[in-house]
Amino acid sequence: NMKSEIQICTGEHNKMIKAVVFDLDGTLTNTMPDLIITISEVREVYGLPPITEEEVLSAVNLSTPEFIKLCMSQLPTEEQKEEAVGVYLEHYKNHMVDKTHPYDGIVKLLHKLRDEGKKIAVLSNKDDINVKFICDTFFRGLIDEPWGKRDEYPGKPDPTSAFALMKVLGCEPREIAYIGDSDVDMKTGRNAGFVTVGASWGYRPAEILRETGAEYIVDSAADFGKLVDKLDS
């Protein structure tokens, strides 16, 4: 009896799920407060007013340089925007886990997936070093492969990094459930051929997830755990 909190959009599968790949910001952790604090500090350096959550939301799923340039769009030159990216990374180091925290039920979910023998990975457009730091802070020992944006791969939704991660995990595409909270994630999962799951608790409405390729949408970490059980049965 499928409960209403797991929405099946176009879900069809024929394999056991062997690995789960998570997005980070807006999926595993609510990073929004620290992003707002940091970007507002950077804007202050350039004499700009603080940023609003709405402005951060409109840019948040991009790779860091694109994200910051959008948040600093009032700067007159490309050169200043480039420079602001470096300033942001310096400032963010000091605020990365001030107010950031895992969403409800996430740690429990990771333990459950681990107990079931699933491999667990993170694939994020956030810088690799920052992804590793946040995963180590909140999920130490629970994530096999924490991957952020690396120089050798283009950012999501390009699937190159997803394919590389899949190789490391030793899985086929349909053995991987990819869960994220944004259109970028759904497109990434689709492009890689993974089972795409939208997390409705993150930074984007469920409607956008559905439109951009979510096969399933879940409203909580616990519901995602139930969905994986369902896909395996």
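S.K.: How do you make sense of the pattern of salt bridges when you look at a structure like this?
M.R.: Should their charged atoms come close, side chains of opposite charge can pair. Taken as a whole, this structure holds 19 salt bridges when the rule is applied. Linking Arg 174 and Glu 215 is a salt bridge whose minimum nitrogen-to-oxygen distance equals 2.9 Å. A residue pair is termed long-range when its members are at least 10 positions apart, and Arg 174 in the loop between α7 (160-169) and β7 (176-180) and Glu 215 in the loop between α9 (206-211) and β9 (216-218) qualify at 41 residues. Taking relative accessible area as the criterion, Glu 215 reaches 6% and is therefore assigned buried. The network of salt bridges with common partners includes Asp 23, Lys 156 and Asp 185.

S.K.: Can you walk me through helix α4 (residues 78-95) in this structure?
M.R.: An α-helical segment advances 3.6 residues per turn. Residues three or four places apart therefore align on the same side. When the terminal C-alpha atoms of α4 are compared, their 26 Å separation across 18 residues agrees well with the 26 Å that a helix rising 1.5 Å per residue should span. What α4 keeps buried is the set Lys 81, Ala 84, Val 85, Val 87, Tyr 88, Tyr 92 and His 95. Its buried side turned inward, α4 meets α1 (32-45), α3 (64-71), β5 (119-127) and α6 (128-138).

S.K.: Sorry, what's going on with the sheet that holds β9 here?
M.R.: Strands in a sheet are paired, the pairing made by backbone hydrogen bonds, and the direction either parallel or antiparallel. With respect to topology, 7 strands assemble into an open sheet ordered β1-β9-β8-β7-β2-β5-β6, the strand pairing being mixed. Looking at which strands have only one partner, the edges of the open sheet turn out to be β1 (6-8) and β6 (145-149). Pairwise comparison of adjacent strand axes, ignoring direction, gives a mean angle of 20° for this sheet. Pairing of β7 with strand β8 (residues 195-199) involves 4 bridges; the strand directions are parallel. Residue pairing across strands places Gly 180 opposite Gly 198, the latter belonging to β8.

S.K.: Got a minute to help me understand the pairing of β7 in this structure?
M.R.: Consecutive residues of a regular strand have side chains that alternate between opposite faces of the sheet. Counting buried positions along β7 gives 5 out of 5 residues, so the element sits mostly inside the fold. Burial along β7 is two-sided: Ile 176, Tyr 178 and Gly 180 facing one way and Ala 177 and Ile 179 facing the other are all buried. Relative to β7, strand β2 (residues 19-22) runs parallel, the two sharing 4 bridges. Each bridged residue has a counterpart across the sheet, and for Val 21 the counterpart in β7 is Tyr 178. A crossover links β7 with its parallel partner β8, the connecting element being helix α8 (residues 183-192), and its sense is right-handed.

S.K.: So what exactly am I meant to see when it comes to the packing of aromatic side chains here?
M.R.: For any pair of aromatic rings, geometry is given as the distance between the ring centres together with the angle between the planes. Scanning the model with the defined rule gives 6 aromatic pairs in all. Ring geometry for Tyr 88 versus Tyr 92: centroids 5.4 Å apart, planes at 15°, classification stacked. Of this pair, Tyr 88 and Tyr 92 both sit in helix α4, 4 residues apart, roughly one helical turn. Stacked on the ring of Trp 147, the Lys or Arg Arg 150 has its end atom at 4.0 Å from the ring centre.

S.K.: What should I look at first to understand the side chain of Thr 212 in this one?
M.R.: Considering the arrangement of structural elements, one finds Thr 212 in the loop between α9 and β9. For Thr 212, the side chain forms a polar contact with the main-chain oxygen of Ile 208, separated by 2.7 Å. When residues no more than four places from it in sequence are discounted, the contact partners of Thr 212 are Asp 183, Met 186, Lys 187 and Arg 190.

S.K.: For this particular structure, what's the right way to read the pairing of β5?
M.R.: Burial analysis of β5 places 7 of its 9 residues in the buried class, which makes it a mostly covered element. In terms of strand pairing, β2 meets β5 through 4 bridges, oriented parallel. Residue pairing for β5: Val 21 is matched across the bridge by Ala 121. Two strands pair when backbone bridges link them, and β5 and β6 are joined in this way by 4 bridges, in the parallel orientation. Residue Ala 121 lies in a different strand from β6, and its bridge partner there is Glu 145. With respect to chirality, the unit in which β5 leads through α6 into the neighbouring parallel β6 is right-handed.

Parameters at a glance
- Residues numbered from 1 in each chain as written.
- Predicted model: local features only at pLDDT ≥ 70, side-chain atom pairs only at ≥ 80, totals over all residues.
- Heavy atoms only, no water.
- Salt bridge = Lys/Arg side-chain N within 4 Å of Asp/Glu carboxyl O.
- Helix = DSSP H or I, 4+ residues; strand = E, 2+ residues; numbered from the N terminus.
- Buried < 20%, exposed > 50% of the residue type's maximum accessible area, 1.4 Å probe, protein only.
- Expected span 1.5 Å × (residues − 1).
- Contact = heavy atoms within 4.5 Å.
- Pairing = 2+ DSSP bridges.
- Axes fitted to C-alpha atoms, helices over the stretch in contact; angles between N-to-C directions.
- Right-handed = clockwise from strand over helix to strand, strands pointing away.
- Phe/Tyr/Trp six-rings, centres within 6.5 Å; stacked < 30°, edge-to-face > 60°.
- Lys NZ or Arg CZ within 6 Å of the ring centre and 35° of its normal.
- Polar contact = N/O pair within 3.5 Å; in protein donor to acceptor, adjacent residues only side chain to side chain.

It is worth stressing that arrangement in space is one thing and function is another; only the former is reported here.
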